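Listed below, chain by chain, are the residues.
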Amino acid sequence: MYDIIIIGAGVIGAFVARSLSVYELKICVIDKHIDAAMGTSGANSGIIHAGYDAIPGSLKASLNIEGSRKMEKICSDLNIPYENCESLVVAFSDEEKKVLEQLMNKGKKGGIKGLSIINQEEIRRLEPNLNRDITWALLAKTAAIVSPYKMTINALENAANNGVEFLREYEVLEINKENDIFTIKTNKEKLRGKVIINCAGVFADEIAKMVGDKSFKIIPRSGEYIILDKSVGPLVNRVIFQTPTKEGKGVLITKTVDENILIGPDAKVISDKALHETHSDAIDYIYKKGLKITDKIPLHKSIATFTGVRATPDSGDFIIKESISCKHFINVAGMDSPGLSSAPAIGDYVLKLVTPMFLDITMKKNYTITLPTKKYFSNMTVNEKKEAIKENNQYGKIVCRCENVTEAEIVNAIHMTIGATTVDGIKRRTRAGMGRCQGGFCLPQVIDILSRELKIDKEKIQKGDDGSYILTRRTRV
Ligand SMILES: Cc1cc2nc3c(=O)[nH]c(=O)nc-3n(C[C@H](O)[C@H](O)[C@H](O)COP(=O)(O)OP(=O)(O)OC[C@H]3O[C@@H](n4cnc5c(N)ncnc54)[C@H](O)[C@@H]3O)c2cc1C
């Protein structure tokens, strides 16, 4: 019997779990996938928005601003790569400049600091590669970038270190309630709990329907991206948005915390909520839209493309409240952008909703809100590298040459509390396989290490979800 069952191990479920994990409550996070961050939280722009975009007074606006304020400290506490790189929204005409002014005024009303409109000369000084027909830009000094999958995994790791259980490959099929106790039928066993928190991303409306709540609908909207190799260098130094339109924020160009360049996303209403594939027409569209920002995009340096699916609510705003049709069932739904930026604030908001549901609730005597400080080998100084190798000679073996990931880091990723069990799990925790060769070199070694550490046959090692085997049989004895 759990006190709380959180459905969904995306960034929202992870931060809700982290906030609640400091209390004496029996909590589990369940996900139908084999790992955390396998939904939208693993496929987005990774931007911590300054918060000027949403309608003032909306949950989106207030939680974005609060999340953005908290983010640097949380990223430092949880070893999440973060950079306060600033952002520009660029305009090509005086007409568009008016939109920038509206955005700035909206942001200032919400108390956002560091907003200003800059002219061509200043734009050129800050971003020499942008096209010359950009006339004005809104500079947001508080905008930042993070690693979205590390943010999710590390927040859940923190919660797990405080005793929260993470149940992988548990798909919710049916929810029943009797005598104030929920029973969740999954593809594995049945789970019983007193409170359910629905953080199921694009599927949140379907989960809500299982308790008779049809009060909202999630409209899935895909966004595709191109990633350029880090050898491109600083094509842009900030997040560069175009002036937003009715359709949304439009195609942006940004550097990532790992020094790649990201171009995208487009926005299409789709029917398949589980869409993962990319499409040549969308990639073509993104590239052409990106060229409006800078005509110096070296497309031949593209190393990967991916798709994320936005959970756009029909109400327009985040939905964070107890269900109108079912007591003790809390929807945390409609988490489209800026859900990532708001996640830590959403965790604390949900905490305030949930704690009054438990009488005599107490805080744990021993809990932590940090993870042990860990530096990537690639970010260590020469002396730090020597020390690391002296302590553990697995630091002396580079497995992923593109990203300089060592065997020690891969072994550590497997043995964390919510350790990696798949090749993609290693990739999201260490970046092994995310570089220019996309795993062409390190994949066999990653399989070897997973097989050795998890004590399972190499043929059983999966790329991601169930059945995604990489090796099918031995070719030599
Ligand atoms: C293209 C794009 C760009 C974006 N860019 C940004 C950005 O730059 N900045 C920003 O702040 N936000 C951005 N966002 C929004 C942000 O990514 C989301 O708000 C956030 O990731 C939502 O997290 P989540 O945990 O709600 O959903 P998810 O990460 O999708 O997690 C939901 C989880 O629920 C699980 N689940 C669903 N159904 C079931 C079931 N039946 N049983 C068990 N588990 C289930 C899924 O497997 C999934 O893991 C972007 C989104 C997209 C699509």
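Residues numbered from 1 in each chain as written. Predicted model: local features only at pLDDT ≥ 70, side-chain atom pairs only at ≥ 80, totals over all residues. Heavy atoms only, no water.

1. Thoughts on the pattern of salt bridges
Counted under the stated rule, the structure contains 31 salt bridges. When the shortest N-O distance is used, the salt bridge between Asp-35 and Arg-168 registers 3.7 Å. Of this pair, Asp-35 sits in the loop between strand S2 (27-30) and strand S3 (47-48) while Arg-168 is found in the loop between strand S9 (165-167) and strand S10 (172-178), placing the two residues 133 residues apart along the sequence. Comparing Asp-35 with Arg-168, the two get one shared label, buried. Asp-348 serves as the salt-bridge partner of Lys-70, at 2.6 Å between the closest nitrogen and oxygen. (Salt bridge = Lys/Arg side-chain N within 4 Å of Asp/Glu carboxyl O. Helix = DSSP H or I, 4+ residues; strand = E, 2+ residues; numbered from the N terminus. Buried < 20%, exposed > 50% of the residue type's maximum accessible area, 1.4 Å probe, protein only.)

2. Re the site of the ligand
What surrounds the ligand is a group of 37 residues, the closest being Asp-31, Ser-41, Ile-47, Met-335 and Ser-341. Between the ligand and Asp-336, the relevant distance is 3.4 Å, taken from an oxygen atom to a main-chain nitrogen or oxygen of the residue. Every element with two or more residues in the shell around the ligand is listed here: helix H1 (11-20), strand S13 (218-228), strand S18 (302-313) and helix H8 (339-354). Residues of the shell around the ligand, tallied by class, amount to 16 nonpolar, 16 polar and 5 charged. Among the domains, domain 1 (2-41 + 149-217 + 315-357) and domain 2 (87-141 + 219-313) are the pair contributing at least three residues each to the shell around the ligand. (Near = heavy atom within 4 Å. Polar contact = N/O pair within 3.5 Å; in protein donor to acceptor, adjacent residues only side chain to side chain. Nonpolar A, V, L, I, M, F, W, Y, C, P; charged D, E, K, R; others polar. Domains from an automatic or database assignment.)

3. What to know about a nonpolar patch on the surface
Nonpolar side chains collect at one region of the surface, where Met-363, Tyr-367 and Ile-369 lie side by side and expose about 280 Å² of accessible area between them. Looking at Ile-369, the relative accessible area reads 41%, which means it is partly exposed. (Patch = residues over 30% accessible without salt bridge, like charges linked within 9 Å, V, L, I, M, F, W, Y side chains within 5 Å. Areas by Shrake-Rupley, 256 points an atom, 1.4 Å probe, with all protein chains shown as cover.)

4. A few points about the sheet that holds strand S4 (residues 82-83)
If you trace the 3 strands from one edge of the open sheet to the other, you get S3-S8-S4, paired in antiparallel fashion. In the strand order of this sheet, the two ends are held by S3 and S4, each with one partner. Of the strand pairs in this sheet, S3 and strand S8 (residues 144-146) are connected by 2 bridges, and their pairing is antiparallel. Bridge pairing in S8 places Ile-47 opposite Ile-145. (Pairing = 2+ DSSP bridges.)

5. Side note on the layout of surface pockets
Of the voids in this model, the second largest pocket is the one considered here, and its volume is about 1100 Å³. Around the second largest pocket sit 47 residues that line it, and Gly-42, Phe-306, Lys-427, Arg-428 and Met-434 are the ones nearest its centre. Of all the elements in the fold, those that place two or more residues in the lining of the second largest pocket are S8, helix H5 (148-161), S18, helix H11 (423-430) and helix H12 (443-454). Of the residues in the lining of the second largest pocket, the class split is 21 nonpolar, 17 polar and 9 charged. (1 Å grid on protein atoms, 1.4 Å probe; cavity = no way out; pocket = protein on both sides within 12 Å on 5 of 7 lines; lining within 4 Å. Points joined across faces, edges and corners; volume = space filled by probe spheres on them.)

6. Some thoughts on the environment of Thr-243
Within the secondary structure, Thr-243 is located in the loop between strand S14 (239-242) and strand S15 (252-255). By relative accessible area, which is 10% here, Thr-243 ends up buried. Counting along the chain gives 106 residues from Thr-243 to Ala-137, while the straight-line C-alpha distance between them is 8.8 Å. Among all residues touching Thr-243, those that are not within four sequence positions of it are Val-89, Val-90, Ala-91, Glu-96, Val-99 and Leu-100. Looking at Thr-243, its side chain comes within polar contact range of the main-chain oxygen of Val-90, at 2.7 Å. Polar side-chain contacts of Thr-243 include one of 3.4 Å to the side chain of Glu-96. (Contact = heavy atoms within 4.5 Å.)

7. Notes on the domain arrangement of the chain
Here the domain parsing of the chain yields domain 1 (2-41 + 149-217 + 315-357), domain 2 (87-141 + 219-313) and domain 3 (377-460). If you look at the interface, domain 2 gives 7 residues, while domain 3 gives 6 residues. A buried area of about 500 Å², summed over both sides, lies between domain 2 and domain 3, and 41% of it is on carbon and sulfur atoms. Three residues, Lys-230, Asp-258 and Ile-303, lead the burial of domain 2 against domain 3; their summed loss comes to 63% of the area buried on that side. Run the count over domain 2 and domain 3 and you get 3 salt bridges. Salt-bridge contacts for Asp-258 lead to Arg-431; the nearest nitrogen and oxygen are separated by 2.9 Å. The tally of links from domain 2 across to domain 3 stands at 3 residue pairs in polar contact (both at pLDDT 80 or more). (Buried area = accessible area lost by both parts, 1.4 Å probe.)

8. Section: empty space enclosed by the protein
Taken as a whole, this structure holds 2 cavities of 30 Å³ or more when the rule is applied. Of the residues that constitute the lining of the largest cavity, the class distribution is 6 nonpolar, 3 polar and 2 charged. Lining the second largest cavity, in full, are Gln-120, Ile-123, Arg-124, Leu-130, Asn-131, Arg-132 and Ile-134.

9. Topic: the nonpolar core
Ranked by internal contacts, the top residues of the largest apolar core, which has 58 residues, are Ile-4, Ile-6, Ile-197 and Val-332. If you count residues domain by domain, this core takes at least three from each of domain 1 (2-41 + 149-217 + 315-357) and domain 3 (377-460). In this structure Ile-4 touches Leu-20, Leu-25, Lys-26, Ile-27, Cys-28, Val-195, Ile-197, Val-354 and Phe-358, once residues within four positions along its chain are discounted. Ile-7, Ile-184, Ile-270 and Val-309 belong to the second-largest nonpolar core, a separate cluster that totals 29 residues. (Core = buried A, V, L, I, M, F, W, Y, C linked by side-chain atoms within 4.5 Å.)

10. Observations concerning the environment of Gly-419
Among the structural elements, Gly-419 can be located in the loop between helix H10 (407-414) and H11. Given the relative accessible area of 6%, Gly-419 is considered buried. On a C-alpha basis, the gap between Gly-419 and His-276 in space is 24 Å, while along the polypeptide they are 143 residues apart. Contact partners of Gly-419, with chain neighbours within four places excluded, come to Arg-168, Ala-413, Ile-414 and Arg-429.

11. Focus on unusual backbone geometry
Here Gly-264 and Pro-265 are connected by a cis peptide whose omega angle stands at -10°. Summarising the element assignment, Pro-265 is placed in the loop between strand S16 (261-264) and strand S17 (268-269). Here the residue pair Ser-337 and Pro-338 is connected by a cis peptide bond, since its omega of 10° sits within 30 degrees of zero. Turning to its location among the elements, Pro-338 is positioned in the loop between strand S20 (329-333) and H8. Positioned with a positive phi, Asn-179 is a non-glycine residue whose angle comes to about 50°. The topology assignment puts Asn-179 in the loop between S10 and strand S11 (181-186).

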